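As a plain string of letters, each chain reads:
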Amino acid sequence: MSRKLLVLFGVLFLASCGGGAQRPPSNLNDACAIARERPDMIKAFKTTERKWGVPVHVQMATIYQESRYRHDARTPHKYVLGVIPMGRQSSAYGFSQALDGTWEEYQRETGKRRAKRDRIRDASDFVGWYMNKSSQKIGISTSDTRNQYLAYHEGRAGYARGSHYGKTWLLNVANDVDARAQMYQAQLSSCRY
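Residues numbered from 1 in each chain as written. Predicted model: local features only at pLDDT ≥ 70, side-chain atom pairs only at ≥ 80, totals over all residues. Heavy atoms only, no water.

1. Here we look at the confidence of the model for the chain
- Across the chain, pLDDT averages 87, with 80% of residues at or above 70.
- Predicted confidence for residues 7-20 stays below pLDDT 50, and this span has 1 contact to residues more than four positions away or in other chains. (pLDDT = per-residue confidence, 0-100. Contact = heavy atoms within 4.5 Å.)

2. Regarding the packing of aromatic side chains
- If you walk through the whole model with that rule in mind, you get 9 aromatic pairs.
- Consider the rings of Phe126 and Trp129, whose centres lie 5.6 Å apart with planes at 40°: the pair is tilted. Taken together, the residues Phe126 and Trp129, both in helix 6 (residues 120-138) and 3 residues apart, mark about one turn of the helix.
- Judged by centre distance (5.4 Å) and plane angle (80°), the rings of Tyr130 and Tyr152 are edge-to-face. Here Tyr130, found in helix 6, pairs with Tyr152, found in helix 7 (residues 145-161); they are 22 residues apart in sequence, far enough to count as distant.
- Among the aromatic residues, those joined into a ring-pair cluster are Trp103, Tyr106, Phe126, Trp129, Tyr130 and Tyr152.
- Between the NZ or CZ atom of Arg156 and the centre of the ring of Tyr130, over which it lies, the distance is 4.1 Å.
- The lysine or arginine in question, Arg180, covers the ring of Tyr64, its NZ or CZ lying 3.5 Å from the ring centre. (Phe/Tyr/Trp six-rings, centres within 6.5 Å; stacked < 30°, edge-to-face > 60°. Helix = DSSP H or I, 4+ residues; strand = E, 2+ residues; numbered from the N terminus. Lys NZ or Arg CZ within 6 Å of the ring centre and 35° of its normal.)

3. Details of the side chain of Arg117
- One can find Arg117 in the loop between helix 5 (100-110) and helix 6.
- When its relative accessible area of 16% is taken as the criterion, Arg117 is described as buried.
- Reaching out from Arg117, the side chain makes a polar contact with the side chain of Asp100 at a distance of 2.9 Å.
- Sequence-distant contacts of Arg117, defined by excluding residues within four places in its chain, comprise His71, Ser91, Tyr93, Gly94, Phe95, Ala98, Leu99, Asp100, Trp103 and Ala123. (Buried < 20%, exposed > 50% of the residue type's maximum accessible area, 1.4 Å probe, protein only. Polar contact = N/O pair within 3.5 Å; in protein donor to acceptor, adjacent residues only side chain to side chain.)

4. Brief notes about the environment of Ser141
- On the secondary structure map, Ser141 appears in the loop between helix 6 and helix 7.
- By relative accessible area, which is 38% here, Ser141 ends up partly exposed.
- The residues touching Ser141, leaving out its near neighbours within four places in the chain, are Ser135 and Gln148.
- Side-chain polar atoms of Ser141 contact the side chain of Ser143, separated by 3.0 Å.

5. Description of the packing of helix 4 (residues 56-67) against helix 8 (residues 168-189)
- The N-to-C vectors of helix 4 and helix 8 enclose an angle of 135°; their axes lie 8 Å apart at closest approach. Taken together, the axis directions place helix 4 and helix 8 in an arrangement best described as oblique. The two elements helix 4 and helix 8 meet at a crossing, and its hand is right-handed. Judged by residue contacts, Val56, His57, Val58, Met60, Ala61, Thr62, Tyr64 and Gln65 of helix 4 engage Val173, Val177, Arg180, Ala181, Tyr184, Gln185 and Leu188 from helix 8.
- In terms of residue class, the contact of helix 4 with helix 8 is made up of 10 nonpolar, 4 polar and 1 charged. (Axes fitted to C-alpha atoms, helices over the stretch in contact; angles between N-to-C directions. Parallel < 35°, antiparallel > 145°, perpendicular 65-115°, else oblique. Left-handed = near helix turned anticlockwise from the far one by under 90°. Nonpolar A, V, L, I, M, F, W, Y, C, P; charged D, E, K, R; others polar.)

6. Regarding helix 7
- Taking 1.5 Å per residue as the helical rise, helix 7 with its 17 residues ought to reach 24 Å, whereas the 19 Å between its terminal C-alpha atoms falls clearly short.
- For helix 7, the full list of buried residues reads Thr145, Asn147, Gln148, Tyr149, Leu150, Ala151, Tyr152, Glu154, Gly155, Arg156, Gly158 and Tyr159.
- Taken from the residues just after helix 7, Gly162 is the one with a positive phi, measuring 85°. (Expected span 1.5 Å × (residues − 1).)

Written out as structure tokens, the structure reads:
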């Protein structure tokens, strides 16, 4: 083989290997399949559970709802006159859909200046940090998926004001997140992960 052909095969091989860890797991409805396919995720969730007291299944259901496990998830664009893009609906980004300001607060308080929203170990640590603070500040148990999700979505101040009560759609979403967490919990209890 010529040197050029070897270099081309090498480049193609490396390109085919890259990015696999960035794709969401193939079966998001099976926690055991996620654990088998993406052991890095389960490792991150377990580490967060030990550190912040937020159960693995609560983290998994929250990240599912926020990004469907897409590392680079963003909110949709806003449009003027239906065609002119005017930026995104919010600064939410990554697995956890953390807003810029909240992410910066997390980085300051935890000393994790190099943490990235598109890295699962940092995103799960953020979820744990946020939910642990919700537990401390407004008394929501870290295992109460529904109310933790409502506080996560509305912010702790919004949750404390009851801003979620006027949003039937959000209450339905929080119920779905809770149901998914229960499903993940049952699945994880029956498999080795």
